[in-house]
Amino acid sequence: MNAPLTLSARLEALLFLAPDPVTVEELADALQTSEEAVTNAALALDEALAERGLVLKRIGGGLALASHPDAEEAARRLLARPRTPALTPAQAETLAIVAYLQPVSRPEVARIRGVASESATTALADRGLIEEAGRSQFGAVLYRTTPQFLKLFGLESPEALPDVAQWDPSPEEAAQLRDRLLRAGEARSGTT
């Protein structure tokens, strides 16, 4: 069994998670200890970090973890690499359809979505999230997810996807939703 974390280790964990500098007061509140204890833990953390690639900085009235100045040049090169943009709604819909129905053809995806899906499937293939998986009996290319998809979503296999039935509304929920949508539509058009 692991020993409980020291206060300085818990402080390091909080600063690692925090996107912005955190005041000693906020840290004391989160750690349920005194500000003096946090100050002492920060000193201990500062010493412990001296042998690692991080430093404890005092910025804007708070504490933050930062990379060591000796790592600055390498960090600039790493962060200068282009970031992969988020999926568009069309790409996300298409990816969900492929993930749950694989192997599935682009015409089937378009039929389910109600709109053409060439652009979305091409973008997903270019990003390595889906790949060709043969042809349908009608000659259309079939698509399936890739190991990159599994890695990105933290899945062991496509069977590990959440059960789609959990999002199916019950008949009562569907009726309530339909009523809410009708009322919202009437309110928008001023016909209430």
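Coordinates for the structure precede this section.
Each chain has its residues counted from 1, following the order in which its sequence is written. Totals for whole chains, interfaces and linings use all residues, but because this is a predicted model, local features are given only for residues with pLDDT of at least 70 and pairs of side-chain atoms are given and counted only at 80 or more. Water and hydrogen atoms play no part in the side-chain values, which are based on all heavy atoms of the structure.

(A) View of the overall build of the chain. Each helix is a run of H or I in the DSSP string that is no shorter than four residues. Each strand is a run of E no shorter than two, and both are numbered from the N terminus. The helix and strand tally for the chain stands at nine helices and five strands. Going residue by residue from the N terminus, the α and β elements of the chain occur as α-α-α-β-β-α-α-β-α-α-β-β-α-α. Put simply, the radius of gyration uses C-alpha atoms, and a globule should come to 2.2 Å times the residue count raised to 0.38. The C-alpha radius of gyration computed for the chain amounts to 26 Å, which surpasses the reference 16 Å derived for 192 residues by more than 25%, pointing to a less compact arrangement than a globule. Dimensions along the principal axes, computed over C-alpha positions, put the chain at roughly 70 × 50 × 40 Å. Any residue under 20% of the maximum accessible area for its type is buried, any over 50% is exposed, and the rest in between are partly exposed; the area is computed with a 1.4 Å probe on protein chains only. Within the span of the chain, comprising 192 residues, buried residues form 23% of the whole. Long-range contacts, defined here as pairs at least 24 residues apart, represent 43% of the contacts in the chain between residues at least 6 apart. Calculation of accessible area relied on Shrake-Rupley with a 1.4 Å probe; when residues are assessed, cover is drawn exclusively from the protein chains displayed. Carbon and sulfur atoms provide 55% of the accessible area of the chain, an area that totals close to 13,700 Å². In the chain, the 19 positive side-chain charges and the 27 negative ones have mean positions that sit 8 Å from each other. Only heavy atoms enter the contact rule, under which two residues are in contact if any of them lie within 4.5 Å. Positive charges come from Lys and Arg alone, negative charges from Asp and Glu alone, with His and the N- and C-terminal ends not counted. Note that the charge is assigned to NZ on lysines, CZ on arginines, CG on aspartates and CD on glutamates.

(B) Examining the pairing of strand β4 (residues 130-135) more closely. Of the strand pairs in this sheet, β4 and strand β5 (residues 141-145) are connected by four bridges, and their pairing is antiparallel. Paired with I130 across the two strands is T145, which belongs to β5. Two successive antiparallel strands, β4 and β5, enclose a turn made up of five residues, where G139 displays a positive phi of approximately 95°. Two strands are said to pair when DSSP picks up at least two bridges between them.

(C) Quick peek at a nonpolar patch on the surface. Patches in this entry comprise residues that are over 30% relatively accessible and not in a salt bridge; like charges within 9 Å are linked, as are nonpolar side chains (Val, Leu, Ile, Met, Phe, Trp, Tyr) within 5 Å. A side-chain nitrogen of Lys or Arg and a carboxyl oxygen of Asp or Glu constitute a salt bridge if their distance falls within 4 Å. A surface patch of nonpolar side chains, about 480 Å² in accessible area, is lined by Y100, L101, I112, V164 and W167. For I112, the position within the fold is in helix α6 (residues 106-113).

(D) Broad picture of the nonpolar core. To form a nonpolar core, buried Ala, Val, Leu, Ile, Met, Phe, Trp, Tyr and Cys residues must be joined to one another through side-chain atoms within 4.5 Å. Within the largest apolar cluster, 15 residues are counted, with the highest numbers of intra-cluster contacts made by L95, V98, I130 and F149. Only α5 (89-101), β5 and α8 (147-153) provide two or more residues apiece to this core. For this core, the element with the highest residue contribution is α5, accounting for four residues. Not counting chain neighbours up to four residues away, the residues in contact with F149 comprise L95, A99, G128, L129, L155 and L161. Counting residues in each nonpolar core, the second largest holds 13 residues, with L27, L31, A42 and L49 among its members.

(E) Main features of the environment of E173. Inspection of the secondary structure puts E173 in helix α9 (residues 171-189). On a C-alpha basis, the gap between E173 and T88 in space is 28 Å, while along the polypeptide they are 85 residues apart.

(F) Structural context of the sheet that holds strand β3 (residues 104-105). On the basis of which strands lie adjacent, the open sheet formed by three strands has the order β3-β5-β4 and antiparallel pairing. At either end of the open sheet lies a strand with only one pairing partner, and these are β3 and β4. Of the pairings in the sheet, the one linking β3 to β5 comprises two bridges and is antiparallel in character. When the sheet's bridge partners are listed, V104 is paired in β5 with Y143. Across the face of the sheet, α5 comes into contact with β3, β4 and β5 while running at roughly 90° to β5. Fitting a line to C-alpha atoms yields each axis, with helices limited to the stretch in contact; the angle taken between N-to-C directions then spans 0 to 180 degrees.

(G) Local environment of the side chain of R113. Considering the arrangement of structural elements, one finds R113 in helix α6. Sequence-distant contacts of R113, defined by excluding residues within four places in its chain, comprise A90, E93, T94 and I97.

(H) Representation of the side chain of T121 within the structure. Counting through the fold element by element, T121 comes out in helix α7 (residues 118-126). A polar atom in the side chain of T121 sits 2.9 Å from the backbone oxygen of S117. Residue contacts for T121: discarding those within four places in its chain leaves T94, R106 and I130. Counted as a polar contact is a pair of N or O atoms within 3.5 Å, where, for protein atoms, one must be capable of donating a hydrogen and the other of accepting one, and residues adjacent in sequence contribute only when both atoms are in side chains.

Spatial relationships are all this shows, so hold off on functional conclusions.
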